[in-house]
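Structure at a glance
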Amino acid sequence: MKQIQLLILLILVSSSEVKAQTSNPQQYKYVFTVAKDGTGEFKYIQDAIDAMRVYPLARITLYIKNGVYNEKIELPANNTDVTFIGESVEKTIITFNDYSGRGKHTTFTSYTAKISGNRFIAENITFANSAGPVGQALALYVDADKAVFRNCRFLGNQDTIFAAGENARQLFVDCYIEGTTDFIFGPSTAVFQNCTIRAKSNSYITAASTTEGKKFGYVFLDCKITADSTVTKLFLGRPWRAHAKTAFIRCELPKQIATEGWNNWGNPANETTVRYEEYKSTGEGATSAKRVAWSKQLSDKEAKEYTLENIFSNSNATIQQESNWFHQIHTKAFEWPATK
C-alpha cells in the first residue's frame, strides 16, 4: 500500500514539474548579450549558448557585439529557435582555423560554427575559417532545418559552407560567400537569394549531394557570381553524389565561367542522374551555346516552379508555420536594441 502511495506521489510531483516548465515561460531567460570588451553578460559565444534553455518555450535571441570572436562554436540540435544578431556584419566576426588533417580533424569537424538547432536565424555576422588554402576547412556546418542567414558573410577557401542535413531546408539572403573548391557543398535543400558568390581559384562553385527523389537541391536566385582576376576557368558545379541538383536562376555570371558550365566529376554515369539547370543567366559567362548537353536551359514555364513555396514545400502542412516560415523571416528585419 505504501509503495502505491509513494508511486502516486512521484507521479503528481513529476506532473507538477512538467506543468511548471511548460506553463511558466516567463521564468526562463530569452535574451542574451555577448561582448568581447566585457560589456555583455558573456565574453564568449559558446558560453552564452551553453546557458540557453534547450527546446525553449519562446524564441531566444543572442545579441553579439562587434568584435573578433576567435572560437569554435556549436549550437546543438536541442537548442532550437535561436536567433543570432550581430552588431554589424563587417565587425562581428566568428573565426577559427581548424582544417582537415590538423590533428584528428576531418572535413566535417573542421568547422568554425556548427548549427544544428532547427529554426535558427543569423543576421549581420561574419563566419570565417582562417586556416588558409590548406585543404578542406569549413566556416559553417549547418544541418538545421528552416535555418535562415541574412546579411551574413562566409569567408574561407575549400568547402566554406557545408549545407548539410538530407531533410534540411536553408535560406541565405543578401549574403556574401567566398571560396576556392566546392565551397558550397552538401545534401540540403538550400536557396541563395540576392547573394554575392566570389570564386578565388580555378575550380567548382558547388558540389551538391542531393538525395535521390528530391525535386530541389541548391537554388541560386538573382545572385551575382564574381571571380578573382587570377581565375580563368570556373565551373558552376560538379556532383558530389550522383543525384546532385543545382540551378542558377537569373544570375549574373562572369567571363571566367567555363563555356561547358558543369563537370561530371570524372564519371560519365553522373550525367544521367544529375539535374543542372539555368534560366536567363546574364553577364559574359552566360553563353549557353556550348553548355554540356546534359544540363538544361529552363523555359519560362519551368522557371515558374522555382519559388520559395515550391522549393521549401513540405507534406506536414498541419504543422504551425510549416508553409510560411521563410516568408515571415524573410520580411522581418531585426534591429539592434539601443539599450544593449
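Quick look at the structure, then.

1. Observations regarding the side chain of Thr-107
Tracing the backbone shows Thr-107 in the loop between β6 (92-96) and β7 (113-115). Contacts of Thr-107, omitting those with residues within four sequence positions, involve Ser-100, Gln-136, Leu-138, Asp-159 and Phe-185.

2. Considerations on the side chain of Asn-129
Relative to the elements of secondary structure, Asn-129 occurs in strand β9 (residues 126-129). A relative accessible area of 6% means that Asn-129 is categorised as buried. Of the polar contacts made by the side chain of Asn-129, one reaches the backbone oxygen of Asp-98; its length is 3.0 Å. A distance of 3.2 Å separates the side chain of Asn-129 from the backbone oxygen of Ser-110, its partner in a polar contact. Excluding residues that lie within four positions of it along the chain, Asn-129 makes contacts with Phe-96, Asn-97, Asp-98, Ser-110, Thr-112, Ala-137, Leu-138, Ala-139, Leu-155 and Gly-156.

3. Some points on the packing of aromatic side chains
Applying the stated criterion to the full structure yields 25 aromatic pairs. Their ring planes at 20° and their centres at 6.3 Å tell us that Phe-108 and Trp-240 sit as a pair that is stacked. Taken together, the residues Phe-108 in the loop between β6 and β7 and Trp-240 in the loop between β22 (235-237) and β23 (245-249) connect sequence positions 132 residues apart. Overall, the relative accessible area of 34% leaves Phe-108 in the partly exposed class. Judged by centre distance (5.1 Å) and plane angle (80°), the rings of Phe-216 and Tyr-306 are edge-to-face. Linking Phe-216 in the loop between β19 (204-208) and β20 (218-221) with Tyr-306 in the loop between α3 (300-303) and α4 (308-311), this pair joins segments that are 90 residues apart in sequence. Take Phe-216 and Tyr-306: they sit in the same class, and that class is buried. Cation over ring: Arg-53 sits above Tyr-28, and NZ or CZ is 4.3 Å from the ring centre.

4. Looking at the nonpolar core
Among the nonpolar cores identified, the biggest contains 60 residues, and Ile-45, Phe-84, Phe-149, Phe-154, Phe-172 and Phe-192 are the most heavily contacted of them. Not counting residues within four places of it along the chain, the set of residues in contact with Phe-172 comprises Leu-140, Val-142, Phe-149, Phe-154, Ile-161, Ala-190, Val-191, Phe-192, Gln-193 and Cys-195. Core analysis: the second largest hydrophobic core is formed by 18 residues, Leu-171, Phe-216, Leu-221 and Ala-247 among them.

5. Observations regarding the pairing of β9
On β9, burial covers both faces: Thr-126 and Ala-128 on one face and Phe-127 and Asn-129 on the other are all buried. Inspection of the sheet shows β6 paired to β9 by four bridges, in the parallel sense. Considered in β9, the bridge of Thr-95 is made with Ala-128. The pairing of β9 with strand β12 (residues 153-155) spans three bridges and is classified as parallel. Residue Ala-128 lies in a different strand from β12, and its bridge partner there is Leu-155.

Parameters and conventions
Residues numbered from 1 in each chain as written. Predicted model: local features only at pLDDT ≥ 70, side-chain atom pairs only at ≥ 80, totals over all residues. Heavy atoms only, no water. Helix = DSSP H or I, 4+ residues; strand = E, 2+ residues; numbered from the N terminus. Contact = heavy atoms within 4.5 Å. Buried < 20%, exposed > 50% of the residue type's maximum accessible area, 1.4 Å probe, protein only. Polar contact = N/O pair within 3.5 Å; in protein donor to acceptor, adjacent residues only side chain to side chain. Phe/Tyr/Trp six-rings, centres within 6.5 Å; stacked < 30°, edge-to-face > 60°. Lys NZ or Arg CZ within 6 Å of the ring centre and 35° of its normal. Core = buried A, V, L, I, M, F, W, Y, C linked by side-chain atoms within 4.5 Å. Pairing = 2+ DSSP bridges.

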